[in-house]
Amino acid sequence: MDPNQAAWFGSIYSLGAAAGGLGAMLLNDLIGRKMSIMMSAVPSTAGYTLMGGAVNLSMLHAGRFLTGVAGGMTAASIPVYISEISHKKVRGALGSCPQITAVFGTLTLYALGLVVPWRWLAVAGSVPAVLMVVLLVFMPSSPRRLLSLGQEQKAEKALRWLRGSNYNTSIELNAIQHSINTQVKVTWAQLGKPIYYRPILISVGMRFLQQMTGITPILVYMEPIFAKSNVSLEPRYDAAIVGAVRLLSVAVAASLMDKAGRKALLYTSSMLMFLSSLTLTMISHTTPCPAVNITAPAPNSELGNTLQASQETALSFVPLISTVVFIFGYAMGWGPITWLLMSEVLPLVARGVASGLCVTVSWVTAFVLTHVFTLLVDAYGLYVPYLMFTVVCVFCLLFNAVCIPETRKRSLEEIENYFRTGRTFTIRQNHPSVVSS
């Protein structure tokens, strides 16, 4: 592939994911979250099969697009499914599992890519999709969906399977049923009510800002970015470093999400990304020194060259460290938490459709930014995109402070009740839940 063809091969996944998100808007409520996830195995397997047996570039693009469709479907369905089957005390940790397993899967494929030809790597990529379908057969449907369909006995059976035989399911089932009973079919006119538009705007805003931080183009174009920044690192180590850092940071986020809270991790994530992107902005905007130092004495030229080489070697690690810190900050906050918060704050009656909308906005933004990034770098160098990412990180801080509620240890019904009542922004510990109201 030439650079333009490679760029399309990398970015067409985002277009497929946007299409998958649109499809999930219908499937989540039509056939349920569990079946939507299982349905994603069809485009995933077909896409990897096309890439594994590709004889031309069109087959590669089609396969890449189909795997993107599957990615968009799962991105819109898995967080919602996990949030609806998880207990509120562990929902944060379980909500991080998709990110942890995704990063672990990426590391596995990186390792296989060193020893396996790319065609067999595509075949290996289809194995988890088939395995997912087999394992999901034994998983229950969401109790909330079953209750919404009037299947009380199946909902009670599913919740008991999820919580254990000694768990008193009546309290949780009553809370879910009360929430369903208070819901009405949403019309376009009703979307103007705060209970609907506020959580949807918050979720869309989070997904938009998450992509605007620049994580996708940084990950996609890491090798040419490092080359342009004079980072003395072999390309084969790029993926290993990124994968290890992402796995570590997501594991940290999962362990702290139900202890420190969502907002605290988002603040930390925003600050780390801001400081690292600001450092990268300043480094990429430094004025180059003259090629010859006319003031240095000739006899000391060898010593001067040695010192200059040592200084350049030390400085070459600054963009590497800054990029690693940026990825670490993203993967411990704005990466996994925005997916979890999306599934928590969206209104139950519109969760399936709204989650698909959020995924579509996210991947369309990723596609546009990935293409614009190359144009900006060619025209202005790395300085302009890094400056833009720095400004976005400031907006992330402000958005977290003003718009995002703390949902730690709150049930989905309590979170929806918070938007319904329109009380103080922060959910108080003594705030009445849906059950008590």
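What you see is a predicted model; the values in this text were computed from it and never measured.

Regarding the overall build of the chain
Phase 1: A count of helical and extended segments in the chain gives 19 helices and 0 strands.
Phase 2: Here the analysis covers contacts within the chain between residues at least 6 apart in sequence; of these, 79% occur between residues at least 24 apart.
Phase 3: As presented, the chain carries roughly 21,000 Å² of accessible surface, and 69% of it is formed by carbon and sulfur atoms.

Let's talk about the nonpolar core
Phase 1: Core analysis: the biggest nonpolar cluster contains 45 residues, and Met-206, Ile-225, Trp-334, Phe-373, Ile-404 and Phe-419 have the highest contact counts within it.
Phase 2: Formed by 15 residues, the second largest nonpolar core is a distinct cluster that contains Ala-76, Ile-200, Val-204 and Val-359.

As for the packing of helix 10 (residues 194–212) against helix 18 (residues 383–402)
Phase 1: For the pair helix 10 and helix 18, interaxial distance at closest approach is 9 Å and the crossing angle is 155°. What the angle tells us is that helix 10 and helix 18 run roughly antiparallel. Crossing handedness for the pair helix 10 and helix 18: left-handed. Every residue of helix 18 that contacts helix 10 at Leu-201, Ile-202, Gly-205, Met-206, Leu-209 and Met-212 is listed here: Phe-389, Val-392, Phe-395, Cys-396 and Phe-399.
Phase 2: Residues that form the contact of helix 10 with helix 18 fall into these classes: 10 nonpolar, 1 polar and no charged.

Considering a nonpolar patch on the surface
Phase 1: On the surface, Leu-387, Val-391, Val-394, Phe-395 and Leu-398 cluster together into a nonpolar patch covering about 430 Å² of accessible area.
Phase 2: The topology assignment puts Val-394 in helix 18.

Things to note about helix 18
Phase 1: For helix 18, with 20 residues, the first-to-last C-alpha span of 29 Å sits near the 28 Å given by 1.5 Å per residue.
Phase 2: Taken together, the buried positions of helix 18 are occupied by Pro-385, Tyr-386, Phe-389, Thr-390, Val-392, Cys-393, Cys-396, Leu-397, Phe-399 and Asn-400.

Details of the confidence of the model for the chain
Phase 1: In this model, the chain carries an average pLDDT of 80, and 84% of its residues clear a pLDDT of 70 or more.
Phase 2: Per-residue pLDDT stays below 50 along residues 287–298; that stretch engages in 0 contacts with residues further than four places along the chain or on separate chains.
Phase 3: Note that pLDDT drops below 50 for residues 424–437; the model gives that stretch 32 contacts with residues more than four away or on any other chain.

With respect to the pattern of salt bridges
Two side chains that carry opposite charge are able to pair once their charged atoms sit near each other.
Phase 1: Under the defined criterion, the tally for this structure stands at 4 salt bridges.
Phase 2: Linking Arg-33 and Glu-84 is a salt bridge whose minimum nitrogen-to-oxygen distance equals 3.0 Å. With a gap of 51 residues between them, Arg-33 in helix 2 (residues 33–39) and Glu-84 in helix 4 (residues 57–85) connect regions that are remote in the sequence.
Phase 3: For Glu-84, a relative accessible area of 3% puts it in the buried group.
Phase 4: A salt bridge links Glu-344 to Arg-262, with the shortest nitrogen-to-oxygen separation between them at 2.7 Å. Of this pair, Glu-344 sits in helix 16 (residues 336–345) while Arg-262 is found in helix 14 (residues 262–284), placing the two residues 82 residues apart along the sequence. Each of the two residues, Glu-344 as well as Arg-262, counts as buried.

Description of the side chain of Thr-360
Phase 1: Along the chain, the position of Thr-360 falls in helix 17 (residues 351–380).
Phase 2: Here Thr-360 falls in the buried class, since its relative accessible area comes to 11%.
Phase 3: Once residues within four sequence positions are removed from consideration, Thr-360 is found in contact with Ala-18, Gly-21 and Leu-22.

Here we look at the environment of Ile-327
Phase 1: Mapped onto the elements, Ile-327 comes out in helix 15 (residues 301–332).
Phase 2: Expressed as a C-alpha distance, the spacing of Ile-327 and Leu-219, which sit 108 residues apart in the sequence, is 8.7 Å.
Phase 3: In this structure, Ile-327 is in contact with Ile-215, Leu-219, Met-222, Val-242, Val-245, Arg-246 and Ser-249, ignoring residues within four places of it in sequence.

Some remarks on the side chain of Ser-14
Phase 1: By the element assignment, Ser-14 lies in helix 1 (residues 3–30).
Phase 2: Each residue touching Ser-14, except ones within four places of it in the same chain, is listed here: Trp-363, Ala-366 and Phe-367.

Some words on the packing of aromatic side chains
Phase 1: This structure, assessed with the given rule, holds 2 aromatic pairs.
Phase 2: Note on Tyr-13 and Trp-363: the rings are 5.7 Å apart at their centroids and 75° apart in plane angle, and the pair reads as edge-to-face. A residue pair is termed long-range when its members are at least 10 positions apart, and Tyr-13 in helix 1 and Trp-363 in helix 17 qualify at 350 residues.
Phase 3: A residue is classified by how much of its surface remains accessible, and Trp-363, at 16% relative accessible area, is buried.
Phase 4: Judged by centre distance (6.3 Å) and plane angle (5°), the rings of Phe-373 and Phe-389 are stacked. Of this pair, Phe-373 sits in helix 17 while Phe-389 sits in helix 18; the two residues are 16 residues apart in sequence, bridging distant segments of the chain. The exposure classification of Phe-373 matches that of Phe-389, with both residues buried.
Phase 5: Its end group placed over the ring of Trp-339, Arg-207 keeps NZ or CZ at 3.5 Å from the ring centre.

A word on helix 9 (residues 169–181)
Phase 1: Over its 13 residues, helix 9 extends 18 Å from the first C-alpha to the last, a length consistent with the 18 Å expected when each residue adds 1.5 Å.
Phase 2: Buried within helix 9 are the following residues: Thr-169, Glu-172, Leu-173, Ala-175, Ile-176, Ser-179 and Ile-180. Down the axis of helix 9, the sector holding all buried residues measures 155°, keeping them to one side. For helix 9, the exposed residues set more than 90 degrees away from the buried face come down to Ile-171, Asn-174 and Asn-181.

Let's talk about the environment of Thr-323
Phase 1: With respect to the secondary-structure elements, Thr-323 resides in helix 15.
Phase 2: A relative accessible area of 5% means that Thr-323 is categorised as buried.
Phase 3: For the pair formed by Thr-323 and Met-222, sequence separation is 101 residues and the distance between their alpha carbons is 9.1 Å.
Phase 4: In contact with Thr-323, not counting residues within four places along its chain, are Ile-218, Met-222, Phe-226 and Leu-280.

Conventions and cut-offs
- Residues numbered from 1 in each chain as written.
- Predicted model: local features only at pLDDT ≥ 70, side-chain atom pairs only at ≥ 80, totals over all residues.
- Heavy atoms only, no water.
- Helix = DSSP H or I, 4+ residues; strand = E, 2+ residues; numbered from the N terminus.
- Contact = heavy atoms within 4.5 Å.
- Areas by Shrake-Rupley, 256 points an atom, 1.4 Å probe, with all protein chains shown as cover.
- Core = buried A, V, L, I, M, F, W, Y, C linked by side-chain atoms within 4.5 Å.
- Buried < 20%, exposed > 50% of the residue type's maximum accessible area, 1.4 Å probe, protein only.
- Axes fitted to C-alpha atoms, helices over the stretch in contact; angles between N-to-C directions.
- Parallel < 35°, antiparallel > 145°, perpendicular 65-115°, else oblique.
- Left-handed = near helix turned anticlockwise from the far one by under 90°.
- Nonpolar A, V, L, I, M, F, W, Y, C, P; charged D, E, K, R; others polar.
- Patch = residues over 30% accessible without salt bridge, like charges linked within 9 Å, V, L, I, M, F, W, Y side chains within 5 Å.
- Salt bridge = Lys/Arg side-chain N within 4 Å of Asp/Glu carboxyl O.
- Expected span 1.5 Å × (residues − 1).
- pLDDT = per-residue confidence, 0-100.
- Phe/Tyr/Trp six-rings, centres within 6.5 Å; stacked < 30°, edge-to-face > 60°.
- Lys NZ or Arg CZ within 6 Å of the ring centre and 35° of its normal.
- Arc of directions from axis to C-beta.

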